[in-house]
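Chain residues, written in single-letter form:
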Amino acid sequence: MSGHTTADGTAQSGYETVSVEALAREAKRVAPLLAKISTAVKNRVLIAAAGALVERADEILAANEKDIEAARANGMSEAMVDRLALSQQRVEAMAAGLDQVANLSDPIGEVLRGHTMPNGIRMRQVRVPLGVMGMVYEARPNVTVDAFGLALKAGNAALLRGSKSAVHSNSALVNIIQDALHQFDLPRETVQLLPCESHDSVQELITARGLVDVVIPRGSAALIDAVVQNATVPTIETGTGNCHFFIDRDAQLDDAIAMLLNGKTRRCSVCNATETVLIDAALPDADKLRIVQSLQEAGVTVHGDVEKLGAFQAQGIIEATEADWAEEYLSMDIACAVVESVDGAIQHIAAYSSGHTEAIASLNASTLQQFADSVDAAAVVLNASTAFTDGFEYGMGAEIGISTQKLHARGPMALPELTSTKWILEGAGQTRP
């Protein structure tokens, strides 16, 4: 059965609508084949898919425009529209991600450890594919391409459940990728787009035990919580990004402000955007004011304690509520607090962090070390923007997401995180007494 998706997101085979279970069975069927594909073939497919995306960019952008028009008509915020929107540059970036994955080492078959038992049995632990990988994600069409690229290189079949808001974009992307697979006589079921008209398809995916080996949710806190709490399939949690940036008394202020603005304003709708700035109380009032005004001049709305920030003449502050300190704004908003030294920053981060990325600006080596040792997050950044928490920037190629859990995968999830392991023992007739 050759499954595909229509423009409205309905999964079909021929003319009949196919259930999520049926699509999962197809993925399960082709997974053993994908596990055995050579590195050379995988790389050729990835490069061909990358070229096809660029060659058919007009087709992708036309589909994306339909999604954007519908999103705005339905009142989607501009921050979320930015996540949804594609451009020639973003299409080329998706293609570049596939090219980069093609140039990465193939994790499958990598020997992690091994030894020879006293009885002569040789044993080794090797990387193997997970099998069938499900993705549940919102808005961002680039996730469709990233998930395919990493899943294929790691030998996995991908079941993709994107959002209804991106149905035209995702359908176009998957169709182009499936065409590239077909050129190499690989099954189109290597990557399949699931129905997205209702939440039922999510529930069916995350409870398809025995057919789906792992589900990875990527999106809002509500989506991630719903998947993690209701799944019977193993999940890898990608968390929201309430990323903090602490400006220490020993920071070089010009550099600190530049890093802060880059983290907040470069692209405010992504999970590595800076959402809270913490200012050392020991900084001169003029420096504190300059930090706040720099944000405001860049178009950022500052939320904080009006009285405390007003003490150094800051104006135009929105009174923060308790919810602001844990907020992932994904917009041109930021929470701002004055804290007592690096200790206060660490305490504030411990109370409100989502475990994604936490950063500090300081020229004091001992302060930097204390921050690095004490802050519990997937990424701790010393004297750089939070925007660098990204699989592409880490040299991993495309990424599945930023894992904020502590089991198996943490931080940018790339090829090694999409594998499991198995033990291979080679004997010569040994039996155990």
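Source: prediction; values computed, not measured.

Reading the values: rules and limits
- Residues numbered from 1 in each chain as written.
- Predicted model: local features only at pLDDT ≥ 70, side-chain atom pairs only at ≥ 80, totals over all residues.
- Heavy atoms only, no water.
- 1 Å grid on protein atoms, 1.4 Å probe; cavity = no way out; pocket = protein on both sides within 12 Å on 5 of 7 lines; lining within 4 Å.
- Points joined across faces, edges and corners; volume = space filled by probe spheres on them.
- Helix = DSSP H or I, 4+ residues; strand = E, 2+ residues; numbered from the N terminus.
- Nonpolar A, V, L, I, M, F, W, Y, C, P; charged D, E, K, R; others polar.
- UniProt positions renumbered as here; feature names shortened; annotations may be inferred.
- Pairing = 2+ DSSP bridges.
- Axes fitted to C-alpha atoms, helices over the stretch in contact; angles between N-to-C directions.
- Contact = heavy atoms within 4.5 Å.
- Buried < 20%, exposed > 50% of the residue type's maximum accessible area, 1.4 Å probe, protein only.
- Core = buried A, V, L, I, M, F, W, Y, C linked by side-chain atoms within 4.5 Å.
- Disulfide = S-S within 2.5 Å.
- Polar contact = N/O pair within 3.5 Å; in protein donor to acceptor, adjacent residues only side chain to side chain.

**Q** Mind laying out the layout of surface pockets, listing which residues take part and the relevant values?
**A** The space that makes up the largest pocket amounts to roughly 770 Å³. For the largest pocket, the lining is made up of 29 residues, of which A93, R140, R266, R267 and D390 are closest to its centre. Counting only elements with at least two residues in the lining of the largest pocket, the list comes to α5 (88-102) and α6 (142-153). Top contributing element to the lining of the largest pocket by residue count: α5, with six residues. Counted by class, the lining of the largest pocket contains twelve nonpolar, seven polar and ten charged residues. What the second largest pocket holds in volume is close to 350 Å³. Surrounding the second largest pocket, 24 residues form its lining, R83, G219, S220, T240 and E328 being those nearest its centre.

**Q** Which residues make up the UniProt feature "domain: Aldehyde dehydrogenase" (unreviewed entry) in the chain, and what are the values?
**A** Sites flagged by UniProt as "domain: Aldehyde dehydrogenase" (unreviewed entry) map to residues 18-297. Secondary structure within residues 18-297 divides into 51% helix and 16% strand; the distance between the first and last C-alpha atoms comes to 53 Å.

**Q** I'd like a rundown of the sheet that holds strand β4 (residues 111-116), residues and numbers included.
**A** Strands in a sheet are paired, the pairing made by backbone hydrogen bonds, and the direction either parallel or antiparallel. Across the sheet, which stays open at both edges, the three strands sit in the order β4-β5-β19 with antiparallel pairing between neighbours. In the strand order of this sheet, the two ends are held by β4 and β19 (419-426), each with one partner. The sheet shows a mean angle of 20 degrees between the axes of neighbouring strands, direction not considered. Note that strand β5 (residues 122-129) and β19 share eight bridges and pair antiparallel. Bridged to Q125 within β19 is W423.

**Q** If you had to explain the sheet that holds strand β10 (residues 243-247) to someone new, which residues and values would you point to?
**A** Taking strand neighbours across the sheet as the criterion, the seven strands line up as β13-β12-β14-β11-β10-β15-β16 in an open arrangement whose pairing is parallel. The open sheet has two edge strands, β13 (318-319) and β16 (379-382), and neither has a second partner. In this structure, strand β12 (residues 301-304) lies alongside strand β14 (residues 333-339), joined through four bridges in parallel fashion. Paired with T301 across the two strands is D333, which belongs to β14. Where helix α13 (residues 341-352) meets the sheet, it contacts β10, β11 (274-280), β14 and β15 (357-361), and its direction lies at approximately 170 degrees from that of β10.

**Q** Explain the pairing of strand β9 (residues 214-218) residue by residue, including any values.
**A** In terms of burial, β9 is largely enclosed, as five of its five residues are buried. Residues V214, I216 and R218 of β9 are buried on one face, and the alternating residues V215 and P217, pointing to the opposite face, are buried as well. Strand direction decides the pairing type here: strand β6 (residues 132-137) and β9, joined by five bridges, are parallel. Bridge pairing in β9 places Y137 opposite R218.

**Q** Requested: an account of the nonpolar core, with residues and values cited.
**A** With 70 residues, the main nonpolar core has M133, M135, F148, L159, V212 and I400 as its most contacted residues. Apart from residues lying up to four places away in sequence, M133 is in contact with A147, A151, N156, A157, A158, L159, V214, I216, I400 and L418. Counting 26 residues, the second largest nonpolar core, distinct from the first, contains L253, M259, I279 and A361.

**Q** Mind laying out the pairing of β4, listing which residues take part and the relevant values?
**A** Of the pairings in the sheet, the one linking β4 to β5 comprises five bridges and is antiparallel in character. Of the residues in β5, the one forming a bridge with H115 is M123. Where β4 hands over to β5, the hairpin turn is made up of five residues, of which G120 adopts a positive phi near 95 degrees.

**Q** Can you lay out the state of the cysteines for me, pointing to particular residues and giving the numbers?
**A** Following the criterion strictly, the structure yields zero disulfides and no others. Looking at C268, it has no disulfide partner, and the nearest cysteine sulfur is the one in C271, 13 Å off. By relative accessible area, which is 15% here, C268 ends up buried.

**Q** Residues and numbers for the side chain of N242, please.
**A** Within the secondary structure, N242 is located in the loop between α9 (221-230) and β10. Exposure remark for N242: the relative accessible area of 1% places this residue in the buried category. A polar atom in the side chain of N242 sits 3.0 Å from the backbone oxygen of Y352.

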